Amino acid sequence: MELQHRRLDDSPPCGRMSFCLTTDLTGNGRPDVLVGALGGEYPVTLPVLGKEIDLRKLPGTREAIHRHERNVFWYENPGWERHDVARAPDLSVGGALGDITGTGTVDLVAGQNLNQYDLYWFEQPDDPRESWTRRLVTDDFEKYHDVAVADVDGDGESEVIALSQESEVIFYYDVPADPRREPWPVANRHVVADNINVEGVQVGDIDGDGTVEILAGPNVFHREDDGSWTRERIATGWDWTRVVAADVDGDGESEVIVTEGDLPYQGDRRARLGVFDPPGWTPTILHDDLSNPHSLQLADLDGNGSPDVYVAEMGLESGHNPRQFVFWNRGDGTFEEEVIVEGVPTHEAKLVDLDGDGRLDIVGKSYVEPSVDAWFNVA
């Protein structure tokens, strides 16, 4: 795998970029890159008497700038022109795309971060280069790190699923008949679990029984006939996770792959990457000395028919050289580790064919440093 690095943007419009998503917004067959941010970090300077004054440091200006900066934007493929399309301060990690209006157009769902309460959806206009309309789903919970748009109850219609860490609840909403009403009716809300603080979500048939489960952190939630949910714990002691389920060993059952994406940033130990094998969820540790591996993707990168594991580090530790890894799947669920990129921090990176050559590339953005980056797979 030979990669060529290209910086798509070295001056994004705001700081602390939180999510990175890809979809074809223009209909040209190429995936565009959509980014959201907490914002409020980068200096806003003004030359005064030969000096650059950071306006954020002046009394009363910091919050005003933060409220008015556009922190949802996307890059048009090809050319990578940036379109600043929405404003919603303090957007958290783990936004999701889905058709909220039922028109066949992809919309965006994202919630706010710590000490904030709003969960939004953003309606894509006819021309995605224009401003997207921000609409409130709920403000009843605090901090939404990871949302999804999927059919979780088997009714053939997509719901909006959210994990609220500070409120310690997992819930979903049936999309109301008029999704543009604000907020959505509480009657449309269903609680999957409470007293639970987890990160990372995927919706799918995890156990192969023909019905959909919710993978939330290192837990699988099974929907019962009466609409309630039963929690199956995969592991304990795995924190700040990114999760994905897939059959990596060819036995016909989905394994769950877990990274501890915010360690050691949120703790005092190094992060792990593990594969958990059902039904007993026996763990195989692929790495136990990672630094904030907040990008986790699965894809068959070498064409052998088995999904490989991609992990990338955020670069938050002083003096640490951030790495991107591929754990090559030998076809039987055992893996060979390779560092494929060093020196460029990335966060919530995605594997996607950016240039239409049939090979998966990498696109991501930093969390702290001002950059949006791509690595094109040329061999």
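The chain is annotated in an unreviewed UniProt entry as VCBS repeat-containing protein from Halogeometricum borinquense.

*Asks:* What exactly am I supposed to notice about the overall build of the chain here?
*Replies:* For the chain, the helix and strand inventory stands at one helix and 30 strands. Against the globule reference of 21 Å for 379 residues, the chain gives a C-alpha radius of gyration of 20 Å, in line with a compact fold. Looking at the chain as a whole, 54% of its 379 residues are labelled buried. For the chain, the accessible area works out to roughly 15,900 Å², and carbon and sulfur atoms hold 42% of it. For the chain, the distance from the average site of its 31 positive side-chain charges to the average site of its 74 negative ones is 9 Å.

*Asks:* Honestly, the side chain of E199 in this entry has me stumped. Any pointers?
*Replies:* Tracing the backbone through its elements, the reader meets E199 in the loop between β15 (189-194) and β16 (201-204). Separated by 3.3 Å, the side chains of E199 and H145 make a polar contact. What E199 contacts, discounting residues up to four positions off in sequence, is K143, H145, D146, L163, Q165, G217, W240, T241, R242 and D262.

*Asks:* Looking at this structure, how should I read the packing of aromatic side chains?
*Replies:* For any pair of aromatic rings, geometry is given as the distance between the ring centres together with the angle between the planes. Tallied over the entire structure, the rule returns nine aromatic pairs. Between Y173 and W184, the ring centres sit 5.9 Å apart and the planes meet at 70°, which makes this aromatic pair edge-to-face. In this pair, Y173 sits in strand β14 (residues 169-174) while W184 sits in the loop between β14 and β15, placing the two residues eleven residues apart along the sequence. Taken together through their ring pairs, the aromatic side chains of F141, Y144, F171, Y173 and W184 make up a single cluster. Over the aromatic face of W238 sits the side chain of R272, whose NZ or CZ is 4.0 Å from the ring centroid.

*Asks:* Explain the environment of T282 here, please?
*Replies:* Relative to the elements of secondary structure, T282 occurs in strand β23 (residues 282-290). Through-space distance from the C-alpha of T282 to that of T26 is 44 Å; in sequence the pair is 256 residues apart. When near neighbours in sequence (up to four residues on either side) are disregarded, T282 contacts V275, F276 and D277.

*Asks:* Can you walk me through unusual backbone geometry in this structure?
*Replies:* For residues besides glycine, phi is generally negative; the peptide bonds are generally trans as well. The amide bond that connects E182 to the next residue, P183, takes the cis arrangement and shows omega of -15°. Positionally, P183 belongs in the loop between β14 and β15. Omega for the peptide link from P278 to P279 comes to 5°, which places this bond in the cis form. Turning to its location among the elements, P279 is positioned in the loop between β22 (271-277) and β23. Positive phi outside glycine occurs at R16, with the angle close to 50°. With respect to the helices and strands, the residue R16 is situated in the loop between β1 (3-9) and β2 (17-23). Overall, the relative accessible area of 22% leaves R16 in the partly exposed class. Phi at W240 takes a positive value of approximately 55°, unusual for a residue other than glycine. Checked against the element boundaries, W240 lands in the loop between β19 (229-233) and β20 (241-246).

*Asks:* Is there a simple way to explain the sheet that holds strand β25 (residues 308-312) in this structure?
*Replies:* Here four strands make up an open sheet; going across it, the order is β24-β25-β26-β27 and the pairing antiparallel. Looking along the sheet, the strands with just one partner apiece sit at the ends: β24 (295-299) and β27 (335-342). Strand-to-strand twist in this sheet, taken as the mean axis angle between neighbours without regard to direction, amounts to 20°. Both β24 and β25 contribute to a ladder of five bridges, which runs antiparallel. By the bridge assignment for β25, S295 is matched with A312.

*Asks:* What is the right way to read the sheet that holds strand β28 (residues 347-352) from this model?
*Replies:* Strand-to-strand pairing in sheets goes through backbone hydrogen bonds, with the strands running parallel or antiparallel. Taken together, four strands build an open sheet; the order of strands is β1-β30-β29-β28 and the sheet is antiparallel. The two strands at the open ends of the sheet, each matched to only one other strand, are β1 and β28. Between one strand axis and the next, the sheet turns through 20° on average, direction left out of account.

*Asks:* Help me out: how do you make sense of the environment of V368 in this one?
*Replies:* Relative to the assigned elements, V368 resides in the loop between β29 (361-365) and β30 (372-377). What makes V368 partly exposed here is its relative accessible area of 43%. With 352 residues separating them along the chain, V368 and R16 place their C-alpha atoms 5.1 Å apart.

*Asks:* Help me understand the pairing of strand β12 (residues 144-150), please; the structure alone is not making it clear to me.
*Replies:* Side chains on a regular strand alternate between the two faces of the sheet. Counting buried residues along β12, seven of its seven residues qualify, which places the element largely inside the surrounding structure. As judged from the five bridges shared by β12 and strand β13 (residues 159-164), these two strands associate in the antiparallel manner. Within β13, the residue paired with V147 across the bridge is A162.

*Asks:* Would you mind going over the environment of L108 with me for this structure?
*Replies:* Secondary-structure assignment places L108 in strand β9 (residues 107-111). For L108, a relative accessible area of 0% puts it in the buried group. Residues L108 and L21, spaced 87 residues apart in sequence, show a C-alpha to C-alpha distance of 9.6 Å. Aside from chain neighbours lying at most four places away, what touches L108 is F19, L21, L34, V72, A96, L97, Y120, W121, F122 and W132.

Basis of the calculations
Residues numbered from 1 in each chain as written. Predicted model: local features only at pLDDT ≥ 70, side-chain atom pairs only at ≥ 80, totals over all residues. Heavy atoms only, no water. Helix = DSSP H or I, 4+ residues; strand = E, 2+ residues; numbered from the N terminus. Rg over C-alpha atoms; globule rule 2.2 N^0.38 Å. Buried < 20%, exposed > 50% of the residue type's maximum accessible area, 1.4 Å probe, protein only. Areas by Shrake-Rupley, 256 points an atom, 1.4 Å probe, with all protein chains shown as cover. Lys, Arg positive; Asp, Glu negative; His and termini not counted. Charge placed at Lys NZ, Arg CZ, Asp CG, Glu CD. Polar contact = N/O pair within 3.5 Å; in protein donor to acceptor, adjacent residues only side chain to side chain. Contact = heavy atoms within 4.5 Å. Phe/Tyr/Trp six-rings, centres within 6.5 Å; stacked < 30°, edge-to-face > 60°. Lys NZ or Arg CZ within 6 Å of the ring centre and 35° of its normal. Pairing = 2+ DSSP bridges. Axes fitted to C-alpha atoms, helices over the stretch in contact; angles between N-to-C directions.

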